[in-house]
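What the coordinates show
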Amino acid sequence: MSEKLSRLLAATAMCILAAACSQIPVDPDPGPASGEKTSPAAAPDVSAPAAQPASTAGGARAAVPAPAATAAAATKSVVPAPELAKPQETKDLEIPHAIDLARPADDLWDRIRKGFAMADLESPLVGVRERWYASQPEYLKRMIERSKLYLYYIVEEVEKRGMPTEIALLPMVESAFNPMAYSRSHASGLWQFIPSTGKTFKLSQNWWADSRRDVIASTNAALDYLQALYELHGDWHLALASYNYGENGVARAIERNRARGLPTDYLSLKMPPETRGYVPKLQALKNIILNPEAFGASFEPIPNEPYFVTVPTPSAIDIRLAATFAEMSVDELIALNPALNRPMISGPHTQTLVLPADRVDAFQRNLDAYDQPLTSWQPYTMKGGDSLDRLAAKHAIALSKLKLANGITSRTRVGPGFQLLLPLKGSGVGAQPLPAVFRPPVHSAPRRGGLVHIVRKGETLYGISRRYRVSTDSLLRWNHVGVLTTGQRLIIYRAPAKARKPVNPVKISAAQPKQNVVASLLPAGQR
């Protein structure tokens, strides 16, 4: 009895095992081991039944011994395996890293670094400029501080056009991010447009405002110009050289090299020293921003969000009153609206006012609540018999202040038909200091009796300015300084009696023509 019972139990167990095996879906191809690629030609026929289950972890299959009847039953009962996702499709679902890359940077500097796309320029001039910036920490700090107002907008516009973010650093080279920068060639603004190029790109220049200094208008014009230059050359280094030197100058340099069978890349072209050093300046700044610690520099984070917005300008409003409404200083307002030429904003000529994003509500609230005249000035066209001194006395304003408010210099021809801004009677504006609206420097005849300072090893602009009791801005204006090099000549016009006697002063005689002292990027011995 026990023997029969044992056989019965064994038979029952075999039947249960066969039934269970018949329900197991069989994977015809477990796929490659980790790191292996599949080949479509090597894939097995998924319609062919398999009598053996797949092993785990994609390893080799192991034979499972079974009675003949059980194997046959399993073969007949095989359920076709469902089609598996391809390995590449499975990888596509793993997106945590992609999400991290798409997340915008909190610091604008990180966003700029990620957008660098220009080929690096390998030149000794880059090292010269790196050392210069590293030796001028105060200059670098002021430039970075000014850039915080404008950099987000510029980066946004650069990225919209698919341009490398190195372009957003170009105002550092052009103007040190000073929107009031004005060169001896009459270039003006962040992007340093000369009058003729400004007109080509529809940057209006009139009595009320100069759009070459307008942050929004000049940025769009500069990017239009740079895009056109890149399309012309197909090379960013040549496009930048053309921006500095002019496309015709670069085209002639390319043709000269081509005619001689020489390379036509940026470093191979014969161009003026300023243009040869132009792209190295940008490359040096790029290198410093990529790795500030290596140059002893540091960059405070800049929020990756808009700093300013634009609002419609009232028909006419005083600059001081607009600043009061926005609850900010006049200097802060002008820094965002540097195109203004007059102490009054005229709506017909300046349609928008640029304000910090967090001051717009205050400006609109205070403007709506104000029920007094918005301007203390009135336009006036001079008539026969008028004179500036009589008009100044009549309107209770100093003659010098009236000239300053109207941009009148010794070269300005004033007479009947000349348009003026005069204080409204009773406004009291004549007794108030004028806002520091922009006025280009007067280009008078060369002065005599200046000094020439010979730059010594290790000297800096700041140190020289302290020595002669002049400002670094004055040194830059007088000499258009790029990088200081040993032996370089700097013209210095003001030296009070109390200043220390400089080393190796050289008098400039009336008969000796002044040289155009443009800083060279090469050591003195290589010039």
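Below you will find a few notes about this structure. (Residues numbered from 1 in each chain as written. Predicted model: local features only at pLDDT ≥ 70, side-chain atom pairs only at ≥ 80, totals over all residues. Heavy atoms only, no water.)

1. Some details on empty space enclosed by the protein
All chains considered together, the criterion is met by three cavities of 30 Å³ or more. If you add up the space inside the largest cavity, you get close to 50 Å³. Considering each element in turn, the lining of the largest cavity owes the most residues, four residues, to helix α15 (residues 278-290). In terms of residue class, the lining of the largest cavity is built from four nonpolar, two polar and two charged. (1 Å grid on protein atoms, 1.4 Å probe; cavity = no way out; pocket = protein on both sides within 12 Å on 5 of 7 lines; lining within 4 Å. Points joined across faces, edges and corners; volume = space filled by probe spheres on them. Helix = DSSP H or I, 4+ residues; strand = E, 2+ residues; numbered from the N terminus. Nonpolar A, V, L, I, M, F, W, Y, C, P; charged D, E, K, R; others polar.)

2. A closer look at helix α18 (residues 360-369)
Among the residues of α18, those classed as buried are Val 360, Ala 362, Phe 363 and Leu 367. Projected down its long axis, α18 shows its buried positions confined to an angular sector of 165 degrees, all on one face. Of the exposed residues in α18, those oriented more than 90 degrees away from the buried face are Asp 361, Asp 368 and Ala 369. For α18, the secondary structure elements touched by its buried residues are β1 (308-312), α16 (319-325) and β4 (352-356). (Buried < 20%, exposed > 50% of the residue type's maximum accessible area, 1.4 Å probe, protein only. Arc of directions from axis to C-beta. Contact = heavy atoms within 4.5 Å.)

3. Points about the nonpolar core
Residues Trp 191, Leu 226 and Tyr 243 are the most contacted members of the largest nonpolar core, which totals 76 residues. Setting aside residues no more than four positions away along its own chain, Leu 226 makes contact with Met 163, Ile 167, Leu 170, Trp 191, Trp 236, Ala 239, Leu 240 and Tyr 243. The next biggest cluster of nonpolar side chains, apart from the first, holds 20 residues, and it includes Leu 321, Ala 322, Val 360 and Phe 363. (Core = buried A, V, L, I, M, F, W, Y, C linked by side-chain atoms within 4.5 Å.)

4. A word on the environment of Lys 281
Along the chain, the position of Lys 281 falls in helix α15. Sequence separation between Lys 281 and Val 128 is 153 residues, and the spatial gap between their C-alpha atoms is 9.0 Å.

5. What about the packing of helix α12 (residues 236-245) against helix α13 (residues 247-259)?
Two elements in contact, α12 and α13, have axes whose closest approach is 6 Å; the angle formed by their N-to-C orientations is 125 degrees. By the angle class used here, α12 and α13 are oblique. Contacts between α12 and α13 involve Leu 238, Ala 241, Ser 242 and Tyr 245 on the former and, on the latter, Glu 247, Gly 249, Val 250 and Ile 254. Class assignment of the residues belonging to the contact of α12 with α13 gives a composition of five nonpolar, two polar and one charged. (Axes fitted to C-alpha atoms, helices over the stretch in contact; angles between N-to-C directions. Parallel < 35°, antiparallel > 145°, perpendicular 65-115°, else oblique.)

6. Observations regarding the pattern of salt bridges
One pass over the full model with this rule turns up 15 salt bridges. Close ionic contact of Glu 145 with Lys 148 constitutes a salt bridge, the shortest N to O distance being 3.3 Å. Residue Lys 286 pairs with Glu 166 through a salt bridge whose shortest N-O separation is 2.8 Å. Linking Lys 286 in helix α15 with Glu 166 in the loop between α8 (151-160) and α9 (170-174), this pair joins segments that are 120 residues apart in sequence. In this structure, Lys 286 and Glu 166 share a single accessibility class: buried. Three or more residues are tied together by salt bridges with common partners; here these are Arg 111, Glu 156 and Glu 159. (Salt bridge = Lys/Arg side-chain N within 4 Å of Asp/Glu carboxyl O.)

7. Quick notes on the pairing of β4
Most of β4 sits inside the fold, with four of its five residues counted as buried. Alignment of β1 against β4, held across five bridges, turns out to be antiparallel. By the bridge assignment for β4, Val 311 is matched with Leu 353. (Pairing = 2+ DSSP bridges.)

8. A few points about a positive patch on the surface
On the surface, a cluster of positive charge is contributed by Arg 252, Arg 256, Arg 260 and Lys 270. With respect to the helices and strands, the residue Lys 270 is situated in the loop between α13 and α14 (273-276). Classification of Lys 270 by relative accessible area gives exposed; the value is 66%. (Patch = residues over 30% accessible without salt bridge, like charges linked within 9 Å, V, L, I, M, F, W, Y side chains within 5 Å. Areas by Shrake-Rupley, 256 points an atom, 1.4 Å probe, with all protein chains shown as cover. Lys, Arg positive; Asp, Glu negative; His and termini not counted. Charge placed at Lys NZ, Arg CZ, Asp CG, Glu CD.)

9. Description of α8
Think of an α-helix as 3.6 residues a turn; residues three or four steps apart then line up on the same face. In terms of residue burial, α8 counts as a mostly covered element, since seven of its ten residues are buried. Within the span of α8, buried status applies to Leu 151, Tyr 152, Tyr 153, Ile 154, Val 155, Glu 157 and Val 158. Tucked into the core, α8 has its buried residues touching α5 (108-114), α7 (137-147), α9, α11 (215-233) and β1. A positive phi of about 70 degrees marks Gly 162, the residue just after α8.

10. Some points on the side chain of Lys 148
Mapping Lys 148 onto the fold places it in the loop between α7 and α8. Given a relative accessible area of 19%, Lys 148 falls into the buried group. Within the structure, Lys 148 has its side chain in polar contact with the side chain of Glu 145 (distance 3.3 Å). Lys 148 has contacts with Glu 300, Ile 302 and Tyr 307, leaving out every residue within four places of it along the chain. (Polar contact = N/O pair within 3.5 Å; in protein donor to acceptor, adjacent residues only side chain to side chain.)

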